[in-house]
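# Remarks on the overall topology
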Amino acid sequence: MASLSLSDQILLLLTKKDDDGGISSLDLAAELGEEDHQKVVGAIKSLATLDDVIRTEQYVRNVLSLTEEGKIVVSQGSHEFRVWQNIPDSGIELDTLLLGDGGSTRVGLNKAVASGWVRIVKKDDGKSWVERCLNVEVVDVVKSQLLQIINGDSAPLGDDVITDLKRRRLVVSNSVTTFTVSRGANFSQNVERPEAELTAEMMANEEYAKKNFKPYNFNAMGTTLQGGHLHPLLKVKAEFLSILTELGFSEMPTNRFVESSFWNFDALFVPQKHPARDVQDTFFLARPENCTRLPDEEYVARVEKVHTVGDYGSDGYQTPWRREETQRNIMRTHTTAITGRVLYDLAQQKPFKPVKKFSIDRVFRNETLDATHLAEFHQVEGFVADRGLSLGHLIGIMKEFFGRLGIDQLRFKPAYNPYTEPSLEVFAYHKGFKKWVEVGNSGLFRPEMLRPMGLPEDVRIIAWGLSLERPTMIRYGINNIRSLVGHKVDLRLVYSNPLCRLDKVRES
Ligand code: PHE
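Residues numbered from 1 in each chain as written. Predicted model: local features only at pLDDT ≥ 70, side-chain atom pairs only at ≥ 80, totals over all residues. Heavy atoms only, no water.

### Points about unusual backbone geometry
The omega torsion of the bond from Arg287 to Pro288 falls at -10°, within 30 degrees of zero and hence cis. Relative to the helices and strands, Pro288 resides in the loop between helix H12 (261-264) and helix H13 (297-308). In this structure, Tyr312 is a non-glycine residue whose phi angle is positive, near 50°. Position of Tyr312 relative to the elements: it lies in the loop between H13 and helix H14 (323-327). Of note, the phi angle at Gln318 is positive, near 55°, even though the residue is not glycine. (Helix = DSSP H or I, 4+ residues; strand = E, 2+ residues; numbered from the N terminus.)

### Observations concerning a negative patch on the surface
On the surface, a cluster of negative charge is made up of Asp278, Asp281, Glu367 and Asp370. Relative to the helices and strands, Glu367 is located in the loop between strand E10 (355-364) and strand E11 (376-387). For Glu367, a relative accessible area of 31% gives the class partly exposed. (Patch = residues over 30% accessible without salt bridge, like charges linked within 9 Å, V, L, I, M, F, W, Y side chains within 5 Å. Areas by Shrake-Rupley, 256 points an atom, 1.4 Å probe, with all protein chains shown as cover. Salt bridge = Lys/Arg side-chain N within 4 Å of Asp/Glu carboxyl O. Lys, Arg positive; Asp, Glu negative; His and termini not counted. Charge placed at Lys NZ, Arg CZ, Asp CG, Glu CD. Buried < 20%, exposed > 50% of the residue type's maximum accessible area, 1.4 Å probe, protein only.)

### A word on the side chain of Asn329
With respect to the helices, strands and loops of the structure, Asn329 is situated in strand E9 (residues 329-331). Taking the relative accessible area as the measure of exposure, Asn329 reaches 7% and is therefore buried. Beyond its immediate stretch of four places on either side in the chain, Asn329 contacts Val258, Glu259, Ser260, Phe284, Leu285, Pro288, Glu289, Asn290 and Cys291. (Contact = heavy atoms within 4.5 Å.)

### Points about the packing of helix H5 (residues 79-86) against helix H7 (residues 104-114)
Running from N to C, H5 and H7 point in directions that differ by 90°, and their axes come no closer than 7 Å. Classified by the angle between their axes, H5 and H7 sit roughly perpendicular to one another. Touching His79, Glu80 and Val83 of H5 are Ser104, Thr105, Gly108, Leu109, Lys111 and Ala112, all from H7. In terms of residue class, the contact of H5 with H7 is made up of 3 nonpolar, 4 polar and 2 charged. (Axes fitted to C-alpha atoms, helices over the stretch in contact; angles between N-to-C directions. Parallel < 35°, antiparallel > 145°, perpendicular 65-115°, else oblique. Nonpolar A, V, L, I, M, F, W, Y, C, P; charged D, E, K, R; others polar.)

### Structural notes on the side chain of Glu259
You can see Glu259 is positioned in strand E8 (residues 258-260). The class of Glu259 is buried, set by a relative accessible area of 1%. At 2.8 Å, the side chain of Glu259 and the side chain of Arg341 are in polar contact. (Polar contact = N/O pair within 3.5 Å; in protein donor to acceptor, adjacent residues only side chain to side chain.)

### Section: the packing of helix H11 (residues 232-246) against helix H18 (residues 469-476)
The axes of two packed helices give the description: the angle between them and the distance between them. Close contact between H11 and H18 brings their axes to 9 Å; oriented N to C, the two are set at 110°. With respect to H18, the element H11 is oriented roughly perpendicular. For the pair formed by H11 and H18, the contact residues are Pro232, Leu233, Lys235, Val236 and Phe240 on the first element and Glu469, Pro471, Thr472 and Tyr476 on the second.

### A word on the site of the ligand
Surveying the vicinity of the ligand reveals 13 residues, the closest of which are His334, Thr336, Arg365, Gln379 and Tyr419. The separation between an oxygen atom of the ligand and a polar side-chain atom of Gln379 is 2.9 Å. In this structure, a nitrogen atom belonging to the ligand sits 2.8 Å away from a side-chain N or O atom of Tyr419. Protein chains bury 92% of the 320 Å² of accessible surface belonging to the ligand in isolation. Mapped by element, the contributors of at least two residues to the shell around the ligand are E11, strand E14 (435-445) and strand E15 (459-467). In terms of residue count, the dominant contributor to the shell around the ligand is E15 (3 residues). (Near = heavy atom within 4 Å.)

### Considerations on the sheet that holds strand E3 (residues 92-93)
In spatial order, the strands read E3-E5-E4; together these 3 strands make up an open sheet with antiparallel pairing. Two strands bound the open sheet, and with one partner strand each, they are E3 and strand E4 (118-122). With 2 bridges connecting them, E3 and strand E5 (residues 128-132) associate as antiparallel partners. Considered in E5, the bridge of Glu93 is made with Trp129. (Pairing = 2+ DSSP bridges.)

### Quick look at the sheet that holds strand E1 (residues 23-24)
Pairing is antiparallel across the open sheet formed by 3 strands, whose spatial order is E1-E6-E2. Two strands bound the open sheet, and with one partner strand each, they are E1 and strand E2 (54-66). Here E2 pairs with strand E6 (residues 171-183) via 13 bridges, running antiparallel. Opposite Glu57, over in E6, you have Thr180 as the bridge partner. Across the sheet, helix H8 (residues 141-150) lies against E2 and E6, angled at about 170° from E2, the strand it touches most.

### Quick look at the domain arrangement of the protein chain
Here the domain parsing of the protein chain yields domain 1 (79-139) and domain 2 (233-496). Each of domain 1 and domain 2 was reduced to a C-alpha centroid, and the two centroids are 83 Å apart. (Domains from an automatic or database assignment.)

### Thoughts on the packing of aromatic side chains
A complete count under the given rule lists 15 aromatic pairs for this structure. Measuring from centroid to centroid gives 5.9 Å for Trp263 and Tyr299, while their planes differ by 40°, and the two rings are tilted. Pair noted here: Trp263 is in helix H12 and Tyr299 is in helix H13, with a separation of 36 residues, a long-range link. No difference in accessibility class separates Trp263 from Tyr299, as the two residues are buried. Taking 4.8 Å as the distance between ring centres and 25° as the angle between the ring planes, the aromatic pair formed by Phe401 and Trp464 counts as stacked. With Phe401 in helix H16 (residues 391-404) and Trp464 in strand E15, the pair connects residues that are 63 residues apart, well separated along the chain. Of the residues examined, Phe401 reaches a relative accessible area of 1% and is grouped as buried. Linked through ring pairs, Phe240, Phe249, Phe401, Phe402 and Trp464 together constitute an aromatic cluster. A cation sits over an aromatic face here: Lys123 above Trp129, 4.8 Å from the ring centre. (Phe/Tyr/Trp six-rings, centres within 6.5 Å; stacked < 30°, edge-to-face > 60°. Lys NZ or Arg CZ within 6 Å of the ring centre and 35° of its normal.)

Have a look at this one:
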């Protein structure tokens, strides 16, 4: 019997049982030589996965068990009994009795006094003494109550006694899930258990061909992780990241929230009078108010020229351009500031090499806050730089990118950006909302932005930007941005949301 597995032993016990009334897992544990109940439950559960070999019914019971202190009472007697025992016939001075005691003697003394086993008397010298009361029968009731509990016979004790024992922290009650097991229609003492795992050995010795495998349980829930939960934004970010890297894009270094107006605006041919450069739209830094370093002076001079009098066939804005304005530090309003820096670096590498780049990071705008707007959000931005690119390529790449996000129906609307021409707003049909929603902004970067950087005249750059929050809210059915970002976020949302799987099934 010892060599049999726990489940085989359970099957054997069920075989021997003549009626089929079922047997409790607690009794099984006892019959199997005081086996650990949890292990017995584990074995029952694994047998229950087999096709009607056994039948089970689940019960939840409250089971009383002794605490460590309760066990001491069983072996040495209750506190009050121990106090009574320790008092010599001549009595003992109270201070001596309580000497060096952590409190259990005091508890025992109070109880022993209350039970009428001992009394405290004042001697002539003013000292308190503890003496045994004579002619009382001392029965350690508490100990016998605990013994009753150990023997599973706690019912006659009544609720008040149990409550008192719990209050004295001698017993605790735990809810225990138990099972009643009986034979199923396919019961047999020797069940053939299908394999749960395909191992390397089975493959090597070709045993797998003869084995019967357990079917997959696609309905099984995974266990919830206790830590390391990803916020929905991070899950969608990871999904974007994998789509973009699959498409051959590499990531730009976005590790700066503070940017000079030069990179955020001027380098992108945003006129100094543009409303976006207003305090109503942009956060300006008070300290340090200005950046100390601009990129190389010749480049800055070319930017100034294209803004003021025009260059490369453009008339520019024909308005004054102030150097102080370009140096003002701001919280970046878009990640296109980073794109500008990366393109400038690219222009310095000769000969020009085509690249595909993307970034996903935080940007800041002085917005009026409402259900869908915060003063900061994330942008997903990308560009492709190569010779011979056209609007057709831009539309093609938008279709490919959004197609991989499960967004098939796209519409493009002519738009305006200071740094792109032509510019297109991208709209997607949202099947849930049954309407077209704006998902991004895109275009071909203007020569007024690219040529001062030193990029060859025939290089074309298609680029786009979208928010990370919008697809995340759509994906997770969140309609208020405050449920997604900030102190009102319900952590359960973070714990329980599924991994982000954007619906990639394309409808034909
Ligand atoms: N910077 C634009 C925005 O903030 C997005 C964009 C990026 C548009 C690149 C065109 C090209 O909305």
